[in-house]
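These are the residues of each chain, in order.
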Amino acid sequence: NSMLSWQRTAFHFQPEKNWMNDPNGPVFYKGWYHFFYQYNPHAAVWGDIVWGHAVSRDMIHWLHLPLAMVADQWYDINGVWTGSATILPDGQLIMLYTGSTDKHVQVQNLAYPADPNDPLLINWVKYSGNPVLVPPPGIGARDFRDPTTAWYTSEGKWRITIGSKVNKTGVSLIYDTEDFKTYNMIDGMLHGVDGTGMWECVDFYPVSIIAENGLDTSINGQGIKHVVKASLDDDRHDYYAIGTYDEKTAKWVPDNPKIDVGIGIRYDYGLFYASKTFYDQNKKRRVLWGWVGESDSEAADVRKGWASLQSIPRTVALDQKTGTNLIQWPVEEVESLRLTSKNFDNVKVTPGSVVPLDVGTATQLDILAEFELDKDAVHNTAETNGEFSCTASGGAAQRGALGPFGLLVLADESLTERTPVYFYVVKGNDGKLKTSFCTDQKRSSQANDVNKIIYGSFVPVLDGEKLSLRILVDHSIVESFAQGGRTCITSRVYPTKALYGDARVFLFNNATETSITGSLKVWQMNSAFIRPFSNNRSL
Ligand code: DQQ
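This one's a predicted model, so the numbers in the text were calculated from it and none came from an experiment. (Residues numbered from 1 in each chain as written. Predicted model: local features only at pLDDT ≥ 70, side-chain atom pairs only at ≥ 80, totals over all residues.)

Asker: Residue-level account of unusual backbone geometry, with values.
Answerer: Of the consecutive residues Asn-130 and Pro-131, the connecting peptide bond is found in the cis state with omega at 0 degrees. Examined against the element boundaries, Pro-131 turns out to sit in the loop between β8 (124-126) and β9 (151-152). Backbone torsion omega between Gly-403 and Pro-404 reads 5 degrees, so that peptide bond is classified as cis. Looking at where Pro-404 falls in the secondary structure, it is placed in strand β28 (residues 402-411). Look at His-104: it is not a glycine, yet its phi comes out positive at around 65 degrees. Inspection of the secondary structure assignment puts His-104 in the loop between β6 (93-100) and β7 (106-113). His-104 gets classed as exposed once you count the C-beta atoms within 10 Å, which come to 11. Its identity as a non-glycine residue notwithstanding, Ala-274 has a phi of 55 degrees, on the positive side. Relative to the helices and strands, Ala-274 resides in strand β19 (residues 273-280). (Helix = DSSP H or I, 4+ residues; strand = E, 2+ residues; numbered from the N terminus. Buried ≥ 20, exposed ≤ 12 C-beta atoms within 10 Å, placed from the backbone.)

Printed below as a string of structure tokens:
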């Protein structure tokens, strides 16, 4: 359907057609980045789930490969669900995944490459002794899924965690194994949080408090914290927390009980779910993949014949400056798509005004921006509004003394359609500034079957820092990163007018008291090669 084809992205990973959801088993193997994903080969809606597979040298350009695993055994006949890869010290690759059995019981299965010497890992073998784990006593048959990458213990065993729930408490169960075939359940659990419901796609990994590089999942010891992430089935968001892992008891404790898993901070305040990290031994970084669904209607997905994207993979590391949040940033390889750029230096935007940025076509962009408020206005304002929240606000149209201001992307010339990505600064009663980072979808499209809510949250801003943001725009996705990636918002946007040559970018300042000075660099972005598989293609 050519009318809808503009919504397809140019540099985000997506299958040629049909439905995709969670990232599965991401791994770097023999020179190739492998990406597997939950895929419905038959329709643009969830169902009949198998593992799609693609490979890349740089996580930007992709070659689609044949399905890695299909639902052909009693233990996964109702779905080859989410799983993770583990690389053993001798280079062997282990894949653990959840199968939904003939009776819809969730079990864990083992698979491995048929030919470990094939760098493309085209064929997969399911272990003859599957399933290797069934729901333990006290755990619901449909509440036991998504095994993590294994990490090594000082006892010389491999340990994994699997998400579940007990009544309304979201939990993560722990198992030790020596051979990935037989497992020993560890008493207690890695962690659990009351009221958070089923934990899907749990992730668990170390981060360094001193070094910038990422850490292999098995690294533990001095100078290391551990992150637990859970995808909450009940509210469809990915929450993480930073804390301390005690290997002896197999327990993890959050640094701040108020910022615990599921009740604290999120990877992304927009559409981003079922994410998974992997350690990229090629570049010594930890990389995060996240599923970005559609926010139009299911009928529209069926019409266009596909649904879902993957986020641009993000490096993830502890924020050394705050120590209390992670930093997420698009992998550097995306910069290889940058074409021509334009600089805008010290553009002054007065209260209540909009400034067009002449960048040409504005459907594929990488935008870096820095903003400064007027110091006198900040000092002099009598307005205090410590309670501001993006999601409870009136969006970019709600005016305050010191916000909102930022960019309008995927806007048409007349601004009937526009997606504001912006900061909103408020002064608290204590005189301190608090900054929120938001995306307002209210006027993003003239279509009426699309999500138009306002996304966002607080973003930490340290003394002396300018406000900064990065935005990747790719047809129907807007991924935004504030303060170097402390707070992120991914939005799916479906303009009807702001397409191709008709799409524009503007600076806006809807504050009533402060002017804003903005400096920007805006690149046009090339399209990535995402090629179909062909048996006779020579690589
Ligand atoms: N998606 C998979 C499950 C997982 C859920 C099924 C999360 O394994 O819990 O497609 O989106």
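Asker: Give a detailed account of the site of the ligand, specifying residues and quantitative values.
Answerer: Near the ligand, the surroundings consist of 13 residues, among which Gln-38, Trp-81, Thr-82, Glu-200 and Ala-274 are the closest. Sorting the residues of the shell around the ligand by element identifies β1 (18-29), β5 (80-87) and β14 (199-208) as the ones contributing at least two each. Within the shell around the ligand, the residues separate by chemical class into four nonpolar, five polar and four charged. (Near = placed C-beta within 6 Å. Nonpolar A, V, L, I, M, F, W, Y, C, P; charged D, E, K, R; others polar.)

Asker: Describe the nonpolar core, listing the residues and the values that go with them.
Answerer: Across soluble globular proteins, you tend to see nonpolar side chains buried next to one another. Ranked by size, the top nonpolar core spans 151 residues in total, and within it Val-228, Tyr-240, Leu-407, Val-409 and Ile-471 carry the most contacts. In terms of residue count, β28 provides more of this core than any other element does, seven residues in total. Here this core spans two domains, and each of domain 1 (17-330) and domain 2 (338-525) adds at least three residues to it. Every residue in contact with Leu-407, bar those within four places of it in the chain, is listed here: Ile-367, Ala-369, Val-421, Ile-471, Val-505, Phe-506 and Leu-507. (Core = buried A, V, L, I, M, F, W, Y, C linked by C-beta atoms within 7 Å. Domains from an automatic or database assignment. Contact = placed C-beta atoms within 7 Å.)

Asker: Lay out the sheet that holds β6 with the relevant residues and their values.
Answerer: Ordered by their spatial adjacency, four strands build an open sheet running β5-β6-β7-β8, and the pairing between neighbours is antiparallel. Two strands in the sheet have a free side with no partner beyond their single neighbour: β5 and β8. Within this sheet the neighbouring strands show an average axis-to-axis angle of 30 degrees, counted without direction. In this structure, β5 lies alongside β6, joined through six bridges in antiparallel fashion. Looking across to β6, one finds that Ser-84 is bridged to Leu-96. (Pairing = 2+ DSSP bridges. Axes fitted to C-alpha atoms, helices over the stretch in contact; angles between N-to-C directions.)

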